[in-house]
Amino acid sequence: MQRDEYELDSEPAFDLGEKVRLRKQIKNDGTFPGRDIGEILAKKGEIGYVASIGTFLQRSYIYAVHFLEKGIIIGCREKELESAEENHESNVTDE
């Protein structure tokens, strides 16, 4: 995203309830209560589900992702996630 671009100008990349996979390791930046700063919260490749969608600084979406196996919800940016849904790319069939 360029400095002058706003992610909020388009629809969210992920839907509520969508199965997503982490593209990178997530560490506590100080915003996750009860954990030390720098502590690993979730590792690359872990699967979670979008529980809610919020915004950050009126510029970008923040996806609250529920990692069921860990029992935690972590706020993630679009660039940190990818869809883990089998049919995310397209529902169009060739006719």
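Residues numbered from 1 in each chain as written. Predicted model: local features only at pLDDT ≥ 70, side-chain atom pairs only at ≥ 80, totals over all residues. Heavy atoms only, no water.

K.L.:
Give me the lowdown on the nonpolar core, citing residues and values where you can.
P.N.:
Core analysis: the largest hydrophobic core is formed by 16 residues, its most contacted members being L22, Y63, V65, I74 and L81. Taken together, the elements giving at least two residues each to this core come down to β1 (19–22), β3 (40–42), β5 (60–67) and β6 (72–76). Of the residues forming this core, the biggest block, four residues, is contributed by β5. (Core = buried A, V, L, I, M, F, W, Y, C linked by side-chain atoms within 4.5 Å. Buried < 20%, exposed > 50% of the residue type's maximum accessible area, 1.4 Å probe, protein only. Helix = DSSP H or I, 4+ residues; strand = E, 2+ residues; numbered from the N terminus.)

K.L.:
Break down the side chain of E80 for me, with residues and values.
P.N.:
Within the secondary structure, E80 sits in the loop between β6 and β7 (81–83). For the buried residue E80, which engages in no salt bridge, the nearest side chain bearing the opposite charge is K24, 4.2 Å off. A polar contact is formed between the side chain of E80 and the backbone nitrogen of R77, at a distance of 2.8 Å. Leaving out residues up to four positions away in the same chain, E80 has contacts with R21, L22, R23, K24, I26 and G75. (Lys, Arg positive; Asp, Glu negative; His and termini not counted. Salt bridge = Lys/Arg side-chain N within 4 Å of Asp/Glu carboxyl O. Polar contact = N/O pair within 3.5 Å; in protein donor to acceptor, adjacent residues only side chain to side chain. Contact = heavy atoms within 4.5 Å.)

K.L.:
Talk me through the sheet that holds β7; I want residue IDs and the actual numbers.
P.N.:
In space, the five strands of this open sheet follow the order β6-β5-β4-β1-β7, with antiparallel pairing throughout. Because the sheet does not close on itself, it has two edges, and the strands there are β6 and β7. Geometrically, the sheet is characterised by an average inter-axis angle of 45 degrees between neighbouring strands, direction not taken into account. The sheet contact formed by β1 and strand β4 (residues 47–56) spans three bridges and is antiparallel. (Pairing = 2+ DSSP bridges. Axes fitted to C-alpha atoms, helices over the stretch in contact; angles between N-to-C directions.)

K.L.:
Please give an account of the pairing of β1 that cites residues and values.
P.N.:
Judged by which residues are buried, β1 turns out to be one-sided: V20 and L22 face inward and are buried, whereas K19 and R21, on the alternate face, are not. Direction of pairing for β1 relative to β7: antiparallel, over a ladder of three bridges. Residue pairing for β7: R21 is matched across the bridge by E82.

K.L.:
Give me the layout of surface pockets: which residues, what numbers.
P.N.:
Its volume calculated, the largest pocket comes out at about 350 Å³. Taken together, 17 residues form the lining of the largest pocket, with D29, T31, G75, C76 and E80 sitting closest to its centre. If you list the elements that add at least two residues to the lining of the largest pocket, you get β2 (26–27) and β6. In terms of residue count, β6 provides more of the lining of the largest pocket than any other element does, four residues in total. When grouped by side-chain class, the residues that make up the lining of the largest pocket number eight nonpolar, three polar and six charged. (1 Å grid on protein atoms, 1.4 Å probe; cavity = no way out; pocket = protein on both sides within 12 Å on 5 of 7 lines; lining within 4 Å. Points joined across faces, edges and corners; volume = space filled by probe spheres on them. Nonpolar A, V, L, I, M, F, W, Y, C, P; charged D, E, K, R; others polar.)

K.L.:
How would you explain the packing of aromatic side chains if you had to name every residue and give the values?
P.N.:
Under the criterion given, the structure shown has two aromatic pairs. On the numbers, 5.2 Å between centres and 80 degrees between planes, the contact of F14 with Y63 is edge-to-face. With F14 in the segment before β1 and Y63 in strand β5, this pair connects stretches of sequence that are 49 residues apart. Seen from their ring centres, Y61 and Y63 are 6.2 Å apart, and the 40 degrees between their planes marks the pair as tilted. Considered together, Y61 and Y63 belong to a single accessibility category, that of buried residues. Three or more aromatic residues joined by ring pairs make a cluster, and in this case those are F14, Y61 and Y63. (Phe/Tyr/Trp six-rings, centres within 6.5 Å; stacked < 30°, edge-to-face > 60°.)

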